[in-house]
Amino acid sequence: MGLGTEFKKFIARGNVIDLAVGVVIGAAFSGIVTQLTEAILMPLIGWIFGDIDFSNWFLRLGEIPEGYEGALDNYEQLKEAGVAMIGYGALITAMINFLIVAFALFMLVRSVNKVSDEIKAKQVETEDSSTSDEVPTDPQLDVLKKILAELRKGDAWTPDYAAEKGPMG
(Lines give C-alpha, C1' and ligand atoms only; values in the text may rest on other atoms or scores of the structure.)
Protein backbone atom coordinates (compact mmCIF):
# COMPACT_ATOMS: atom_id res chain seq x y z
CA MET A 1 0.00 0.00 0.00
CA GLY A 2 1.50 3.30 -1.11
CA LEU A 3 1.98 6.36 1.04
CA GLY A 4 -0.72 8.25 -0.88
CA THR A 5 -3.25 5.46 -0.34
CA GLU A 6 -2.42 5.27 3.37
CA PHE A 7 -2.74 9.05 3.67
CA LYS A 8 -6.15 9.05 1.95
CA LYS A 9 -7.31 6.26 4.26
CA PHE A 10 -6.05 8.21 7.29
CA ILE A 11 -7.77 11.44 6.22
CA ALA A 12 -11.03 9.64 5.41
CA ARG A 13 -11.35 8.45 8.99
CA GLY A 14 -14.03 10.32 10.90
CA ASN A 15 -11.77 11.11 13.85
CA VAL A 16 -9.39 13.23 11.77
CA ILE A 17 -12.18 15.29 10.25
CA ASP A 18 -13.84 15.70 13.67
CA LEU A 19 -10.53 16.82 15.15
CA ALA A 20 -9.97 19.36 12.37
CA VAL A 21 -13.46 20.78 12.82
CA GLY A 22 -12.87 20.95 16.58
CA VAL A 23 -9.63 22.89 16.13
CA VAL A 24 -11.28 25.42 13.79
CA ILE A 25 -14.26 25.89 16.11
CA GLY A 26 -11.90 26.16 19.09
CA ALA A 27 -9.94 28.94 17.39
CA ALA A 28 -13.15 30.84 16.63
CA PHE A 29 -14.40 30.28 20.17
CA SER A 30 -11.11 31.64 21.54
CA GLY A 31 -11.79 34.98 19.84
CA ILE A 32 -15.26 35.13 21.35
CA VAL A 33 -13.93 34.37 24.84
CA THR A 34 -11.18 36.99 24.49
CA GLN A 35 -13.72 39.65 23.52
CA LEU A 36 -16.13 38.55 26.27
CA THR A 37 -13.34 38.84 28.83
CA GLU A 38 -11.80 42.11 27.62
CA ALA A 39 -14.98 43.96 26.64
CA ILE A 40 -17.49 42.75 29.23
CA LEU A 41 -16.14 40.77 32.18
CA MET A 42 -12.96 42.69 32.99
CA PRO A 43 -14.69 46.10 32.92
CA LEU A 44 -17.51 44.63 35.03
CA ILE A 45 -15.02 43.20 37.54
CA GLY A 46 -13.19 46.52 37.53
CA TRP A 47 -16.45 48.40 38.18
CA ILE A 48 -17.43 46.06 41.04
CA PHE A 49 -14.01 46.12 42.72
CA GLY A 50 -13.21 49.77 42.14
CA ASP A 51 -11.91 50.26 38.61
CA ILE A 52 -9.35 47.44 38.68
CA ASP A 53 -7.30 47.00 35.52
CA PHE A 54 -5.52 43.64 35.64
CA SER A 55 -3.38 44.47 32.61
CA ASN A 56 -1.29 46.87 34.69
CA TRP A 57 -0.69 44.53 37.59
CA PHE A 58 2.99 43.68 37.52
CA LEU A 59 6.12 43.33 39.61
CA ARG A 60 9.03 45.37 38.28
CA LEU A 61 12.33 43.49 38.47
CA GLY A 62 14.69 45.71 36.50
CA GLU A 63 15.70 49.33 36.52
CA ILE A 64 13.90 51.91 34.41
CA PRO A 65 16.20 53.05 31.58
CA GLU A 66 17.43 56.61 31.51
CA GLY A 67 15.33 58.88 29.34
CA TYR A 68 12.12 56.90 29.90
CA GLU A 69 9.21 59.34 29.86
CA GLY A 70 6.23 56.97 30.07
CA ALA A 71 4.05 56.19 33.05
CA LEU A 72 5.59 54.13 35.84
CA ASP A 73 2.39 52.11 36.26
CA ASN A 74 1.83 51.22 32.59
CA TYR A 75 2.91 47.63 31.89
CA GLU A 76 2.93 47.94 28.08
CA GLN A 77 5.02 51.13 28.06
CA LEU A 78 7.53 49.71 30.53
CA LYS A 79 7.70 46.46 28.55
CA GLU A 80 8.45 48.41 25.34
CA ALA A 81 11.19 50.26 27.19
CA GLY A 82 12.80 46.89 28.03
CA VAL A 83 12.14 46.83 31.77
CA ALA A 84 12.22 43.31 33.25
CA MET A 85 8.83 42.61 34.87
CA ILE A 86 6.51 39.84 35.97
CA GLY A 87 3.05 40.61 34.55
CA TYR A 88 0.81 38.67 36.91
CA GLY A 89 -2.23 40.69 35.79
CA ALA A 90 -2.01 39.00 32.39
CA LEU A 91 -1.96 35.65 34.20
CA ILE A 92 -5.15 36.57 36.10
CA THR A 93 -6.80 37.50 32.79
CA ALA A 94 -5.67 34.19 31.23
CA MET A 95 -7.08 32.26 34.21
CA ILE A 96 -10.42 34.04 33.88
CA ASN A 97 -10.42 33.18 30.15
CA PHE A 98 -9.70 29.55 31.01
CA LEU A 99 -12.54 29.40 33.53
CA ILE A 100 -14.95 30.86 30.98
CA VAL A 101 -13.91 28.33 28.32
CA ALA A 102 -14.02 25.44 30.82
CA PHE A 103 -17.51 26.43 32.01
CA ALA A 104 -18.80 26.86 28.45
CA LEU A 105 -17.43 23.44 27.48
CA PHE A 106 -18.90 21.90 30.63
CA MET A 107 -22.33 23.27 29.72
CA LEU A 108 -21.96 22.05 26.13
CA VAL A 109 -20.89 18.53 27.15
CA ARG A 110 -23.65 18.43 29.77
CA SER A 111 -26.26 19.30 27.13
CA VAL A 112 -24.88 16.77 24.64
CA ASN A 113 -24.84 14.06 27.32
CA LYS A 114 -28.50 14.74 28.19
CA VAL A 115 -29.54 14.45 24.54
CA SER A 116 -27.38 11.34 24.10
CA ASP A 117 -28.92 9.69 27.18
CA GLU A 118 -32.42 10.43 25.90
CA ILE A 119 -31.59 8.92 22.51
CA LYS A 120 -30.06 5.81 24.13
CA ALA A 121 -33.15 5.35 26.30
CA LYS A 122 -35.41 5.61 23.23
CA GLN A 123 -33.10 3.25 21.34
CA VAL A 124 -33.43 0.58 24.03
CA GLU A 125 -37.23 0.89 23.93
CA THR A 126 -37.39 0.69 20.11
CA GLU A 127 -37.49 -2.84 18.69
CA ASP A 128 -36.26 -1.96 15.19
CA SER A 129 -34.30 1.29 14.94
CA SER A 130 -34.49 1.28 11.13
CA THR A 131 -38.25 1.94 11.31
CA SER A 132 -37.98 4.80 13.84
CA ASP A 133 -37.23 8.42 12.98
CA GLU A 134 -36.46 9.30 16.61
CA VAL A 135 -33.33 7.17 17.06
CA PRO A 136 -30.26 6.53 14.91
CA THR A 137 -30.25 3.19 13.11
CA ASP A 138 -28.12 0.57 14.87
CA PRO A 139 -28.24 -2.70 12.93
CA GLN A 140 -26.15 -4.59 15.49
CA LEU A 141 -28.48 -3.67 18.33
CA ASP A 142 -31.51 -4.59 16.19
CA VAL A 143 -30.06 -8.03 15.42
CA LEU A 144 -29.21 -8.64 19.08
CA LYS A 145 -32.76 -7.70 20.10
CA LYS A 146 -34.17 -10.15 17.52
CA ILE A 147 -31.88 -12.93 18.76
CA LEU A 148 -32.92 -12.23 22.36
CA ALA A 149 -36.59 -12.31 21.34
CA GLU A 150 -36.08 -15.68 19.61
CA LEU A 151 -34.24 -17.06 22.61
CA ARG A 152 -37.03 -15.95 24.92
CA LYS A 153 -39.61 -17.70 22.71
CA GLY A 154 -37.92 -21.11 22.90
CA ASP A 155 -36.90 -23.16 25.90
CA ALA A 156 -33.48 -24.12 24.53
CA TRP A 157 -31.51 -21.59 26.50
CA THR A 158 -32.24 -20.04 29.86
CA PRO A 159 -29.91 -18.61 32.48
CA ASP A 160 -30.57 -21.74 34.66
CA TYR A 161 -29.75 -24.07 31.75
CA ALA A 162 -26.52 -22.15 31.11
CA ALA A 163 -25.57 -22.41 34.80
CA GLU A 164 -26.10 -26.19 34.75
CA LYS A 165 -24.37 -26.97 31.47
CA GLY A 166 -21.76 -24.22 31.37
CA PRO A 167 -21.22 -21.62 28.66
CA MET A 168 -20.71 -24.15 25.88
CA GLY A 169 -23.98 -25.96 26.77
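Just above, that's the structure.
It should be emphasised that the depicted structure is a prediction, and the values quoted were computed from it without experimental measurement. Per-chain numbering applies: the sequence of each chain, read as written, is numbered from 1 onward. Local features in this predicted model are restricted to residues of pLDDT 70 or higher, and side-chain atom pairs are both shown and tallied only at a pLDDT of 80 or more, whereas totals for entire chains, interfaces and linings draw on every residue. Hydrogens and water are ignored here; the side-chain numbers use all heavy atoms of the structure.

Trainee: With reference to specific residues and values, describe the overall build of the protein.
Mentor: Each helix and strand in the protein was counted, giving six helices and two strands. For the purposes of this entry, the term helix denotes a DSSP run of H or I that reaches at least four residues, the term strand denotes a run of E that reaches at least two, and both are numbered from the N terminus. Listing each helix as α and each strand as β along the protein from the N terminus yields α-α-β-α-β-α-α-α. Buried, partly exposed and exposed residues are distinguished by accessible area as a fraction of the type maximum, computed with a 1.4 Å probe on protein chains only: under 20%, between the cut-offs, and over 50%, respectively. When burial is assessed residue by residue, the protein has 15% of its 169 residues classed as buried. In the form shown here, the protein has an accessible surface area of approximately 13400 Å², with 63% of it arising from carbon and sulfur atoms. A 1.4 Å probe and the Shrake-Rupley method give the accessible areas. Residues count as covered only by the protein chains that appear here.

Trainee: Please provide a residue-by-residue account of the nonpolar core, values included.
Mentor: By nonpolar core is meant a set of buried Ala, Val, Leu, Ile, Met, Phe, Trp, Tyr and Cys residues that side-chain atoms within 4.5 Å join together. Membership of the largest hydrophobic core is limited to six residues, which are Phe58, Tyr68, Tyr75, Leu78, Val83 and Met85. Residue contacts are counted whenever heavy atoms from the two residues lie within 4.5 Å of one another. If near-sequence neighbours (up to four positions away) are discounted, tyrosine 68 is found in contact with Gln77, Leu78 and Ala81. Core analysis: the next-biggest nonpolar cluster, separate from the first, contains five residues, Val33, Met42, Phe54 and Ile100 among them.

Trainee: Go over the pattern of salt bridges, please, and point to the residues and values.
Mentor: We define a salt bridge as a side-chain nitrogen of Lys or Arg found within 4 Å of a carboxyl oxygen belonging to Asp or Glu. Inspection of every chain in the model, using the stated rule, returns one salt bridge. Linking lysine 153 and glutamate 150 is a salt bridge whose minimum nitrogen-to-oxygen distance equals 3.2 Å. With lysine 153 and glutamate 150 both in helix H5 (residues 139-153) and three residues apart, this pair spans about one turn of that helix. For lysine 153, a relative accessible area of 64% puts it in the exposed group.

Trainee: Lay out the environment of glycine 89 in plain terms, naming residues and giving numbers.
Mentor: Mapped onto the elements of the fold, glycine 89 is located in helix H4 (residues 88-125). With a relative accessible area of 0%, glycine 89 lands in the buried category. Spatially, the C-alpha atoms of glycine 89 and asparagine 56 are 6.3 Å apart, while their sequence positions differ by 33 residues. If we skip the residues at most four places from it in the chain, glycine 89 touches Phe54 and Trp57.

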